[in-house]
Structures are given as structure tokens and as C-alpha cells.
Amino acid sequence: METDETPRVLPFQLQFDKPVASQIKIAEWNPEKDLLAMVTEDSKILLHRFNWQRLWTISPGRCITSLCWRPDGKAIAVGLEDGTISLHDVENGKLLRSLKSHTVAVVSLNWEEDGQVIRDDSVNNSKYEDRTSCFFPPAPRVPRMPGLVPGDTGFMDDSEDSFRELSNSSYQRFNILCSGDKDGSICFSIFGIFPIGKINIHKLSIPTPFANEQATYRLLNASISKVALSKDLCHSIVMCSGELNQDEVESQEGQLGVHGMRGLHCLLLDTSIFWKRKNELHQVAQQASNIEDLIEVIRTSLSVMCKQWSDAMHTFREKFDSLSSLIIDHGLDSSPQEEFLGLLGGARTSPPVHQFLVNSLGELGVKRVSKVVCGAGKELQHVVLDHLQPSAEIIGFRMGELRGLSRWRTRFRGIGLDETLINNATEKSGMLIVQVERFMRVLSSVVQQFSNFFNWLLKCIKLLMQEPSDQLLPYNSELVVVFLKFLYDQDPVRPFLELSEVDIETDMETLQRVRELVHFGGFSDCEYLRRTLSEEFQQMESSFKEAFLMPFTTISQKILCKDVLPLFALPSSPASMSVTVPMSVTFYKDASTAMSSYQTHEHGYIDYISFQIPGDSSLDIANCIGISKGFMHSSSNITEDSASLEAVLLSVPDGYHCVDLSLYKVKT
């Protein structure tokens, strides 16, 4: 007879069973468990609702090796065989951004956000508000590159309204994307965008797994199978296969230890720096990730501008180079500029100029070339005003914010925010704004002189054809002379848009004035006038990389191996070391633990490690499933009475083979 105390059994029911065109090799539910992302053997990503309705299918064009969801369920991270991690919008599968975090296949991805809600006002948890929106309009998006398919630049099509919300870190809670590759490297990226740490398990100093032993160990020939960051961000569990050997230095000193432990091991990494410094890291990563977005806007803007102006100049040269050939054919020893200057001065029109203006070029030709060149100039001005200049100004503001943070040494020096490097990067961002203003003046002058030259040519053609020219736009003769002397066979705009080894000519008087201004403070770079816009951008980008490398290096050095748990042994054959077995790492809240400080917060979650023992292992318990509980807690306990590591072994019935496993969560 069933009583009220009898536990209720929740039966599993088959909801849908439909075939797909290709074998599924990866499947991951979203956090709400109502969307299923799947990866097929032919490297296609399928997104289905719970009722099996397919939302979209995309193919990155490369082999997919891992996949995970962003904690808010709005984006998917995809690991590729070449080491690239791509982020996709869940609504339509569009590419949000593409990051080259690794050099080899990304075999494991895990994305966790800070799930703690602190209710104790006494805890020093200062909140940070991004003030950029108070002073600037929404950040500009990447300009459309002519001839590019949306997404080719590493960003989503700017027609999507959700781009800013999905890609901008200002709209997210603090979260970290953890990725592991097959060579043993593990990368940590805040918001999945800003790299904040990297380690390699081969270089880790691993504590001894044996009692009463002081030796340390190293992993040899290791291969990562799974990486999981705890929900409190304090630990990371790494499941890997390899050979656990005693450190060579200690072996030479005569300490005894077990050598050559081949098998599947579980490493516990201390990532508590993410929780201890999450406020500081959040502020730095939020500014830095938005700066990275704006740098991409500037880079693409320069590429678009360079292409448009190069195409316009090619059209101009293509039309006007024929005049040089006509001059040579008529046996004259003069240049096109001299012929045009003679025409401007009232001299008789030479036969080659007459033939060129009336027959080769004509009124329609002048108007067509004028439309191309002047239109390109206006397009460049729009790109600068709508994309490049706003990006440079917002970068300058954000660098100013970081500069203020870097002066708070007690909080931000510990995460590697160097005041000197940030000051240098801030100055470079200011110099870029100066170069943008300088480029706009040059561009406006060049476009004006081209337009004036074309107006004069139209007037000349009308006079040669004896047609009325009253309706034509006026021109300035002095500007025509300047154009023919300095612009006809030269291009002062393009050098600003390209990297060049030749410095821009600047008069000594101007340089001397700049050197005098340095004494008043605010900047120290006296040579910026010799650089082009592209060179200034390159220097700014290099200064940013140098400044942001310091936090990356500092945090990487603070991620250490805290413990190791050998799970099962494997044969010594090379094939066994690369064996793939079903496994999972799950973290659940520990309801019995309070979380009012770091010490208690660190133990707010219980870890469950599940794995299959393969049939070719050296143990007699092959084809079983092992589940361990409390690995994180056991590594922190000091007394023997408080040891909390538990384990259970489940036997798989004969005739069955485990292909995947995961804990079924009944309660929160």
C-alpha cells in the first residue's frame, strides 16, 4: 500500500523520435531546456524547439568540435577544429563575432556567469555603471564592406536590431567562457570576448594525489576531454587523459613517488581570482571589450575608405592617362599639366588636348568621372563622420575611464592594470582623434579641388564645341593651377589610408611648435604629424594590446592546480590515451551552506563528476559508470572528519553501451 512517505517516481517519457539527415555528434540544451542545439557529422548546427520545430540550420564551413550556450540563452559558442571560437545569435544563427583563442581544435566549451546574489549590505560589493551612454549616442556599427557577405568581417550584419544587446558587454552580467583545446591549453574569456587568462595543463605543478607525500607531479602527453567552471567561478574542473609523473626536479633530489600513472584524471583549478576580483575584472573587461568592438569599426572603416578611394582614382587615371598617349602620338614634348596650364592661360588649344576633351572624354565623360571621384570623397566623409570619428571619440572616453581605474592602485594593480601602459594607450587614442581631424581637412580640400577642376573642364569643352556655358558652375582659376601642380599626378588622400614606410612631409616650423606645446603637458609624442591615419591606428592598437596583456598575464599566473583525482587507469598504448568516453561535470547548490563571505561562498556548490569506465581499461570494472561527489570540498578540508568526497559505481547491463551521460536534475 502506498503511503504519503513513499517517494514518487518520475518516469521518463519519449516525446519525439524523428530521424535527421546526418548523425548527431553533439547536442546541448539551452538553460531553459526548451531549445536544443545539435551538431551533425557533416558539421552543421541545427536548432530545434522542444516540439522538434527547426528554427535554423547553419554551416560554418569547418569541422565543429564543441558547443555551449551563453548563460542567458541568447547566444551559442561554437568551437572549431582550427582553434576558432565563433559566437552565434540564437534568433537567426547569424555570426556575432569570431575569436582566434586557440591554434588547434577546441574540444570543450563551458560558459558560466556569476550566479550569486548578495543580500548582505555589509559586503563590499561596489557596483559599476557604464557611463558612456550618458555622454555619447549609441556606438557606431561596422560599415558595410563593398562586396562582402554579412559576417565576413567577424561581426553580424548591421541590419539586425539585436546586435548591440547580444554583442555589447554592457548588457550582460559578469560571465566567463572557458575553452580547452586538444593540446592542453585552457583559455578564459570574460563575456566570451575579452581574454583574461590562459594556462596549459602540461606546465601545471600538480599536488600529490597520495597521502603523506610532499612531491608534486606533472601531466605528460595529456589531452583535455572536458573543462567545467563552477557556478561560483571559484574553481574549474578539468577532465583529461595523460600520464601523471612526479616532477623531474624532485625526482632528482631522491624523493620517492609513483611514476607513469596513465589514465583519466580530474584536475581542480583554483580560479577564485575571478570571484575575488570580479568587480574589478567586470569594469576592465566591459571597457576593453567595447573598445575591441570600436577598433573593429575603425579597422573596417579604413578598409572601406581605402577601397572606395582607390577605385575612384583608378577611374580618374584610366580616363586621363589617354591624354599622355595623344600628346606622344602628335610628337609633342610636353606633359598633360603643361597642356592644361596653356589652355587655362588662354593659349591656343593643342590638337591632342582638343581631341581628348571633345572626342575621348567629352561632357558626359567629365560628368561621369566627377560623379565617381567627388562621390567617393563624400562617401569617405560619411564613413568618417558616421563610423570612424565617433568610434575614436568613444575609445578616448573609455580609455579615460580605464586611466582613472588604473590610478586606484589598491584595487586594480592586483589584476595587472598598469598605469603607465594605460596612460600611453590613452595618449594614442587622443592622437588618433587628431589624425582623424587632420585627414578630414585634407580630404575636404582634395574633393573641393577635384570638383573645381571638373567644372573648369566642362567650361572648356562647352567653349570648344561652341555651346552656351552660362548654366555651368563657376570655377576658381587659382585652384585649377594648384590642382595641376600638386594633385593631377599625385594622391595625398591614399597615403593616409595605407601603411607606408615614407613619412608625411611636414615643415620644420610646425614641428617646432609641436615640440613647444609638449612642455605644457597633455601629450609627449612629437612625431605624430609624420604618421598617416593608418599608422596612427596601428600604433594605438598595439598600445592597447600591450596594456591589456598585463591583466591577461597577471590572472594567468594566479590560476593554479589545487588538487588531482585519478579516476581510472588506461593501457599504455597510444590509442588508449586518446580514447573518448562519455563524461559530464555538474554543479548543484548546497542548500546546507550559507554564503555570506568568500569562505562560505566558495563552498556554495557541490560538484558531481560522471564518467564511463571503458571496456578496454585495465580494471575489472569495465563498462561501468562512476559518479563522484564533492571533489572541490575534499580538496579544501583539513581534518579527516570533514572529508566529503563520495563515489558510487553503476554497472551497465550486458549488451548495452553508454554513448552519453548526464545527471538528471530533479530539484533546484
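Residues numbered from 1 in each chain as written. Predicted model: local features only at pLDDT ≥ 70, side-chain atom pairs only at ≥ 80, totals over all residues. Heavy atoms only, no water.

What follows covers unusual backbone geometry. Residues other than glycine seldom take positive phi values, yet Ser43 does so here, at roughly 60°. Note on placement: Ser43 falls in the loop between strand 2 (35-40) and strand 3 (45-49). For Ser43, a relative accessible area of 9% translates into the label buried. Even without being a glycine, Gln466 presents a positive backbone phi close to 55°. Assignment of secondary structure puts Gln466 in the loop between helix 9 (419-464) and helix 10 (477-486). (Helix = DSSP H or I, 4+ residues; strand = E, 2+ residues; numbered from the N terminus. Buried < 20%, exposed > 50% of the residue type's maximum accessible area, 1.4 Å probe, protein only.)

Every buried residue belonging to helix 10 is among Val480, Phe483 and Leu484, and all of these are buried. The arc enclosing the buried residues of helix 10, seen along the axis, measures out at 95°, which places them on a common side. In helix 10, the exposed residues that point more than 90 degrees away from the buried face are Glu478 and Lys485. The elements touched by buried residues of helix 10 are helix 5 (278-329), helix 6 (336-344) and helix 9. Regarding helix 10, its N-cap is Asn476, as a side-chain oxygen of that residue lies 2.9 Å from the backbone nitrogen of Glu478 further along. (Arc of directions from axis to C-beta. Contact = heavy atoms within 4.5 Å. Polar contact = N/O pair within 3.5 Å; in protein donor to acceptor, adjacent residues only side chain to side chain.)

On to the pairing of strand 20 (residues 624-629), then. In terms of residue burial, strand 20 counts as a mostly covered element, since 5 of its 6 residues are buried. Pairing of strand 19 (residues 605-613) with strand 20 involves 6 bridges; the strand directions are antiparallel. Bridged to Phe611 within strand 20 is Gly626. Note that strand 20 and strand 21 (residues 646-651) share 6 bridges and pair antiparallel. Residue pairing for strand 21: Cys624 is matched across the bridge by Ser651. (Pairing = 2+ DSSP bridges.)

Moving on, we come to helix 9. An α-helical turn contains 3.6 residues, so any two residues separated by three or four positions project in the same direction. Here helix 9 contains 46 residues, and its C-alpha end-to-end distance of 68 Å stays within 8% of the 68 Å for a straight helix at 1.5 Å per residue. Its side-chain oxygen placed 3.1 Å from the backbone nitrogen of Thr420, Asp418 serves as the N-cap of helix 9. Looking at the residues trailing helix 9, positive phi occurs at Gln466, about 55°. (Expected span 1.5 Å × (residues − 1).)

Our focus in this paragraph is the packing of helix 5 against helix 9. Close contact between helix 5 and helix 9 brings their axes to 14 Å; oriented N to C, the two are set at 20°. In terms of axis orientation, helix 5 runs roughly parallel to helix 9. You can see that helix 5 and helix 9 cross each other, and the crossing is left-handed. Residues Ile298, Met305, Trp309, Met313, Phe316 and Phe320 of helix 5 pack against Leu432, Phe439, Leu443, Val446, Phe450, Phe453, Phe454 and Leu457 of helix 9. (Axes fitted to C-alpha atoms, helices over the stretch in contact; angles between N-to-C directions. Parallel < 35°, antiparallel > 145°, perpendicular 65-115°, else oblique. Left-handed = near helix turned anticlockwise from the far one by under 90°.)

Moving on, we get to the environment of Gln612. Tracing the sequence through the fold places Gln612 in strand 19. Here Gln612 falls in the buried class, since its relative accessible area comes to 3%. Along the sequence, Gln612 and Cys624 sit 12 residues apart, while their C-alpha atoms lie 5.8 Å from each other. Discounting residues that sit within four places of it in the chain, Gln612 has contacts with Phe568, Val581, Pro582, Asn623, Cys624, Ile625, His657, Cys658 and Leu661.

The next point concerns the pattern of salt bridges. Inspection of the entire model under this criterion finds 21 salt bridges. Across the pair Arg70 and Asp72 runs a salt bridge whose closest N-O atoms are separated by 2.9 Å. Arg70 sits in the buried class, given a relative accessible area of 3%. Note on Asp72: relative accessible area 38%, which makes it partly exposed. One network of salt bridges, with partners in common, ties together Glu363, Lys367, Lys462 and Glu467. (Salt bridge = Lys/Arg side-chain N within 4 Å of Asp/Glu carboxyl O.)

Let us now look at the sheet that holds strand 2. In space, the 4 strands of this open sheet follow the order 1-2-3-4, with antiparallel pairing throughout. The sheet is open, and its two edges are formed by strand 1 (24-29) and strand 4 (54-58), each paired on a single side. Ignoring which end each strand starts from, the neighbouring axes of this sheet average 15° apart. By the bridge criterion, 5 bridges tie strand 2 to strand 3 in an arrangement that is antiparallel.

The next thing to look at is the confidence of the model for the protein chain. Averaged over the protein chain, the pLDDT score is 83; the fraction of residues at 70 or greater is 81%. The model gives residues 117-126 a pLDDT under 50, and that stretch makes 8 contacts with residues more than four places away or in other chains. Confidence over residues 147-163 falls short of pLDDT 50; this stretch has 38 contacts with residues more than four positions distant or in other chains. (pLDDT = per-residue confidence, 0-100.)

So, about the packing of aromatic side chains. Following the criterion strictly, the structure yields 27 aromatic pairs and no others. The interplanar angle of 45° and the centroid separation of 5.3 Å between the aromatic rings of Phe135 and Phe397 together place this pair among those described as tilted. Of this pair, Phe135 sits in helix 1 (residues 132-135) while Phe397 is found in helix 7 (residues 351-406), placing the two residues 262 residues apart along the sequence. Linked through ring pairs, Trp309, Phe316, Phe320, Phe340, Phe356, Phe450, Phe453, Phe454, Trp456, Phe483 and Tyr488 together constitute an aromatic cluster. Here Arg411 stacks its cationic end above the ring of Trp408, 4.5 Å away from the centre of that ring. (Phe/Tyr/Trp six-rings, centres within 6.5 Å; stacked < 30°, edge-to-face > 60°. Lys NZ or Arg CZ within 6 Å of the ring centre and 35° of its normal.)

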